[in-house]
Amino acid sequence: MELIHETAVKKRPETKKSAYRIVCPNCGNDRDFFEVADGVILTTHYVQNSDCSFTQEGDESQILGEIRFFCGECNADLSRFHQRFVEMLF
Ligand SMILES: [Zn+2]
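The structure contained in this document is the topic of the report that follows.

Analysis parameters
- Residues numbered from 1 in each chain as written.
- Predicted model: local features only at pLDDT ≥ 70, side-chain atom pairs only at ≥ 80, totals over all residues.
- Helix = DSSP H or I, 4+ residues; strand = E, 2+ residues; numbered from the N terminus.
- Buried ≥ 20, exposed ≤ 12 C-beta atoms within 10 Å, placed from the backbone.
- Contact = placed C-beta atoms within 7 Å.
- Pairing = 2+ DSSP bridges.

**As for the overall build of the protein**
Logical step 1: Along the protein, the regular secondary structure elements total 2 helices and 6 strands.
Logical step 2: Start at the N end of the protein and walk to the C end: the helices and strands fall as α-β-β-β-β-β-β-α.
Logical step 3: Relative to its full complement of 90 residues, the protein shows a buried share of 4%.
Logical step 4: Counting only contacts in the protein whose residues sit at least 6 apart along the sequence, the fraction spanning at least 24 positions is 53%.

Dropping the structure here:
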């Protein structure tokens, strides 16, 4: 009976893989962040309905420039953490 119990525990999926919090090395902030994108083209697709109203069909915005990532507290450039930020974005 004990063996069965151990197997069940080991099969539990790991929730904390390699996740770690992004912490600003300058001020220690780990809560507020800004993502800034340069050269953004906002393209929105609309369809005109039979009653003359419009319905938004899609957002095909493109980012042409650089995406930078900043601390929300001291504005330090944290762009080197941006990849991690994207991976943790849900
Ligand atoms: Zn900071």
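So that's the structure; there's more coming.
**Some details on unusual backbone geometry**
Logical step 1: Non-glycine residue cysteine 52 carries a positive phi angle of around 75°.
Logical step 2: The exposure class assigned to cysteine 52 is exposed, which follows from the 6 C-beta atoms found within 10 Å.
Logical step 3: Positive phi values are uncommon outside glycine, yet asparagine 75 reaches one of about 65°.
Logical step 4: Counting through the fold element by element, asparagine 75 comes out in the loop between strand S6 (67-71) and helix H2 (82-87).

**Notes on the environment of histidine 82**
Logical step 1: Relative to the helices and strands, histidine 82 resides in helix H2.
Logical step 2: What makes histidine 82 partly exposed here is the crowd of 17 C-beta atoms within 10 Å.
Logical step 3: Each C-alpha atom of the pair histidine 82 and glutamate 35 lies 8.4 Å from the other, and the pair is 47 residues apart in sequence.
Logical step 4: Once you skip the residues sitting within four places of it in the chain, histidine 82 turns out to touch Ile67 and Phe69.

**As for the environment of arginine 80**
Logical step 1: With respect to the secondary-structure elements, arginine 80 resides in the loop between S6 and H2.
Logical step 2: Under the C-beta neighbour-count criterion, arginine 80 is labelled exposed, with 9 such atoms within 10 Å.
Logical step 3: The spatial distance from the C-alpha of arginine 80 to the C-alpha of phenylalanine 70 is 9.8 Å, given a sequence separation of 10 residues.

**As for the pairing of strand S3 (residues 44-48)**
Logical step 1: Where burial is concerned, little of S3 is hidden: 0 out of the 5 residues are buried.
Logical step 2: Across 5 bridges, the pairing between S3 and strand S4 (residues 54-59) is antiparallel. In the strand pairing of S4, tyrosine 46 is matched with glutamine 56.
Logical step 3: Between S3 and S4, which pair antiparallel and follow one another directly, the connecting turn spans 5 residues, one of which, cysteine 52, has a positive phi of 75°.

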